Amino acid sequence: MMKPRSMDVFAVVPLLSGPARRTGARSVHSESPGRGHTGFSPPKRGEIRLALHATLPLALLHHLQPRRVSNLHQRVTTPDSLAGFSAASDERLLMASCPVLSVRSFLGRGSMFVFSKDQFQRLLRLEPEWKGQRMLDLGAGDGGVTEVMGHHFHEVFATEVSTPMKWHLQRKNYSLLGIDEWHRTGFQYDLISCLNLLDRCDEPLQLLQDIRRSLLPHTGRLVLAAVLPFQPYVEMGGAWVRPKEHIKVEGKTWEEQVTYLSTDVFLKVGFEVEAVTRLPYLCEGDMYKEYYVLDEAVFVLKPQE
């Protein structure tokens, strides 16, 4: 179990000096197109304006044959069926018939970087050889960042909504839990990670409460990452809408939003901030840019006594 730490105020942990390898992938809740490819017009992260269908040239989408879409659904049911997806026509149909997160997984695109193994250890103050019993990664994507954290645990559990992402996780031998059952298994975890899910979740406050109940008392920790400025949206029937529980984070600067989340959101659901750091969130790019860099806050939260 993690060694508990007593701190009157949370620590700001500078991690930018650590390795900056672009490995791993993160998914977003409800199979959203991701922060690198936003499908809605209201949000802006700095000056970045991105395209929903940026995985493929937009000109290809004009040549879709809708009546072949249903046949594609029947073909894309197992990992083995991906072998034939090399022609542009199949890629166009895939884009038209599947959620964007799944499309990017099919095509091997959308790799994202949250933190390195060294940064993770420094953030949680872990020795390289430290081992805990059990961790859970919520919205684990293809397991790239799960692997960074899972090195320290004997049992690694994960949740994911995207079918092709689940295939990646199964191939890495992670134990998959349903998105509606993970907090009802009776398990308690040394660590739960919630990376870039809070702003893509319909009930983020309920999610935080479920996480708190699922952590080991006293020693369990939540690692939570959120892109700032905080702009919550969820996908409903192909449209992007405000979540049912809309957390409106106040503040114009990164520091002001971190303070608001710490005192007006996390404390109210029973979490104290133990450490926080600022990291770049690297997302594999598209036909417009090689990669996108977003501004991220990574928190270590402990349940209140």
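Right above here is the structure, for reference.
Here is a short report on the structure shown in this document. (Residues numbered from 1 in each chain as written. Predicted model: local features only at pLDDT ≥ 70, side-chain atom pairs only at ≥ 80, totals over all residues. Heavy atoms only, no water.)

Let's talk about the overall build of the protein chain
Scanning the protein chain from terminus to terminus reveals eight helices and 11 strands. Relative to its 305 residues, the protein chain shows a buried fraction of 54%. The long-range fraction of contacts in the protein chain, counting pairs at least 24 apart against all pairs at least 6 apart in sequence, stands at 72%. Carbon and sulfur atoms form 51% of the exposed surface of the protein chain, whose accessible area is close to 13800 Å². (Helix = DSSP H or I, 4+ residues; strand = E, 2+ residues; numbered from the N terminus. Buried < 20%, exposed > 50% of the residue type's maximum accessible area, 1.4 Å probe, protein only. Contact = heavy atoms within 4.5 Å. Areas by Shrake-Rupley, 256 points an atom, 1.4 Å probe, with all protein chains shown as cover.)

Observations regarding the nonpolar core
Counting residues in hydrophobic clusters, the biggest one holds 35 residues, and the most contacted among them are Leu208, Ile211, Leu222, Leu224, Phe266, Phe271 and Phe299. For this core, the secondary-structure elements that each account for two or more residues are β3 (132-138), β6 (191-195), α7 (204-214), β7 (221-227), α8 (254-266), β10 (271-284) and β11 (291-303). Looking at which element gives the most residues to this core, the answer is α8, with six residues. Setting aside residues no more than four positions away along its own chain, leucine 208 makes contact with Leu198, Leu222, Leu224, Val265, Phe266, Val269 and Phe271. Core analysis: the next-biggest nonpolar cluster, separate from the first, contains 28 residues, Phe115, Phe153, Leu195 and Leu294 among them. (Core = buried A, V, L, I, M, F, W, Y, C linked by side-chain atoms within 4.5 Å.)

Points about the side chain of threonine 159
Relative to the elements of secondary structure, threonine 159 occurs in the loop between β4 (153-158) and α6 (163-171). Excluding residues within four positions of it along the chain, threonine 159 makes contact with Leu136, Asp137, Leu138, Gly139, Ala140, Leu177, Gly178, Ile179 and Trp182.

Considerations on α7
Turning to α7, its buried residues are Pro204, Leu207, Leu208, Asp210, Ile211 and Ser214. All buried residues of α7 fall inside an arc of 160° around its axis, so they share one side. (Arc of directions from axis to C-beta.)

Digging into the pairing of β4
The sheet contact formed by β3 and β4 spans five bridges and is parallel. Its bridge partner lying in β4, glycine 132 is registered against phenylalanine 153. Viewed along the sheet, the connection from β3 through helix α5 (residues 144-150) into β4 turns out right-handed. In this structure, β4 lies alongside strand β5 (residues 175-176), joined through two bridges in parallel fashion. Opposite phenylalanine 157, over in β5, you have serine 175 as the bridge partner. This β-α-β element, β4 to α6 to β5, shows right-handed connectivity. (Pairing = 2+ DSSP bridges. Right-handed = clockwise from strand over helix to strand, strands pointing away.)

Concerning the pattern of salt bridges
Summed over all chains, the structure comprises six salt bridges. The partner of arginine 221 in a salt bridge is glutamate 274, and the shortest N-O contact between them spans 3.0 Å. In this pair, arginine 221 sits in strand β7 while glutamate 274 sits in strand β10, placing the two residues 53 residues apart along the sequence. With relative accessibility at 1%, the residue arginine 221 sits in the buried group. Linking arginine 278 and glutamate 255 is a salt bridge whose minimum nitrogen-to-oxygen distance equals 3.5 Å. (Salt bridge = Lys/Arg side-chain N within 4 Å of Asp/Glu carboxyl O.)

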